[in-house]
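Given next are the chains, with one letter for each unit.
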Amino acid sequence: MAMSAGYIPFHPDPSKPKYAPPAGAVDAHCHVFGPERKFPYAPERKYTPCDAPKEKLFALRDFLGFDKNVIVQASCHSKDNRAMIDALESSNNKARGVAFVGEEVTDAELKAMDRAGVRGVRFNFVRRLVDFTPREVLNRIAARVAPLGWHIVVYFEMADLPELESFFTTLPTTVVVDHMGTPDVKKGVDHPENQRFHRLMGQHRNFWVKATCPERMTIAGPPYDDVAPFAKRLVEQFPERVIWGTDWPHPNMKKEAPDDGALVDFVPRLAPTAAAQKALLVDNPTRLYWS
Ligand code: 0GY
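Residues numbered from 1 in each chain as written. Predicted model: local features only at pLDDT ≥ 70, side-chain atom pairs only at ≥ 80, totals over all residues. Heavy atoms only, no water.

### Focus on the nonpolar core
What counts is decided by this rule: By nonpolar core is meant a set of buried Ala, Val, Leu, Ile, Met, Phe, Trp, Tyr and Cys residues that side-chain atoms within 4.5 Å join together. Using a 1.4 Å probe on the protein chains alone, a residue whose accessible area is under 20% of its type maximum counts as buried, one over 50% counts as exposed, and one in between counts as partly exposed. Whether two residues are in contact is decided by their heavy atoms: any pair within 4.5 Å suffices.
F123 and F168 are the most contacted members of the largest nonpolar core, which has 88 residues in total. Once residues within four sequence positions are removed from consideration, F168 is found in contact with F125, V154, F156, L161, V175 and F207. Among the nonpolar cores identified, the runner-up in size contains 12 residues, and V176, I243, Y289 and W290 belong to it.

Next comes the structure, spelled out in structure tokens:
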């Protein structure tokens, strides 16, 4: 697939959220990109992002009222995890990472990443973002990272779940599903496709989910009324295995970058009680990434 030209920059002036996250809140899905002159983008990338360096991420964290970040390696940096690791190392223990690796990665490199704060690897099945990796390769990577106590973040499109499910359920560690499993919001929460995902979550207690990215799924736009029921149902059904994040700097968005303040104001819509908010923003991500 050809690389998409240009990029949508992140919101230049996000609003201050009306909702104040509890102390110790974690933005558990965000990225750092570049800066390109120091950390060039991967030749095999499918899109070119705007530079989104660690300093900007940490300033946004403070502005939005968060305490910590989980920085997920995005496809535009491919297997070159240096920008993400550099951000972890300058975070004062306030960031953890999820890496993208191939099986050529050495055990010494994995151990060094662990020391820097990496706690998982990402398997990306979204065809527009990455080239295909054979399952046996992924299985061998999973077998090597599981003993480190790492988890596996899986990013896929919900229509592909039937084909991927048996692979996911045999993974030997915790599995964290990106972006609510990317439901088609037009179909509704009770559509068999979404129910299949909920069943998977219900039957496998090693599965976690991120109630993230209403801006990617919405048709109605902010304040994301059409996505709220999906996110709320996940929080209700899996209160101890759901986490949340901004997805800043919102890679590869096709229209406009969302207002990060509005995204934070979405949190009480999916987690209406203080207890649910604390589980979602503090207790769950802290257990997964800082224990
Ligand atoms: C996201 C979503 C996207 C991109 C990536 O790895 C990536 O490049 O994750 C996307 O385009 O849906 O998780 O931020």
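Having seen the model, we can carry on.
### What about helix α4 (residues 135–145)?
In plain terms, the rule: Put simply, DSSP marks the helices as runs of H or I at least four residues long and the strands as runs of E at least two long, and each gets a number from the N terminus on. Throughout, the arc means the angular range of directions from the helix axis out to the C-beta atoms.
Burial in α4 covers these residues: V137, L138, I141, A142 and V145. Across the axial projection of α4, the buried residues extend over an arc of 140 degrees, all falling on one side. Check the buried side of α4 and you find it contacts α3 (107–116), β4 (118–124), β5 (151–155) and α5 (161–169).

### A word on the sheet that holds β4
Our working rule: Paired strands, in this sense, are two strands between which DSSP finds at least two bridges. Note on definitions: angles span 0 to 180 degrees between N-to-C directions of axes, and those axes are lines fitted to C-alpha atoms, for helices only across the stretch in contact.
What the eight strands build is an open sheet, ordered β1-β2-β3-β4-β5-β6-β7-β8; its pairing is parallel. Across the chains shown, the open sheet's two edge strands, defined by having one partner strand only, are β1 (26–30) and β8 (242–243). Each of β4 and β5 is contacted by α4, which is oriented at about 170 degrees to β4, the strand it contacts most.

### Section: the pairing of β1
Basically, it comes down to this: Crossovers are marked right-handed if the path from the first strand over the helix to the second runs clockwise, as seen with the strands pointing away from the viewer.
For β1, the buried fraction is high: five of the five residues fall into the buried class. As paired strands, β1 and strand β2 (residues 68–72) are joined by three bridges and run parallel to one another. Looking at β2, one finds that V26 is bridged to K68. Note that the unit made of β1, helix α1 (residues 54–64) and β2 has a crossover that is right-handed.

### Section: the pairing of β5
Extensive coverage of β5 is indicated by the burial of five of its five residues. Residue alternation in β5 divides its side chains into two sets, H151, V153 and Y155 and I152 and V154, and both sets are buried. Since β4 and β5 lie parallel, the crossover through α4 that links them has a hand, and here it is right-handed. Bridging between β5 and strand β6 (residues 175–177) involves three bridges; their strand directions are parallel. Of the residues in β6, the one forming a bridge with V154 is V177. Since β5 and β6 lie parallel, the crossover through α5 that links them has a hand, and here it is right-handed.

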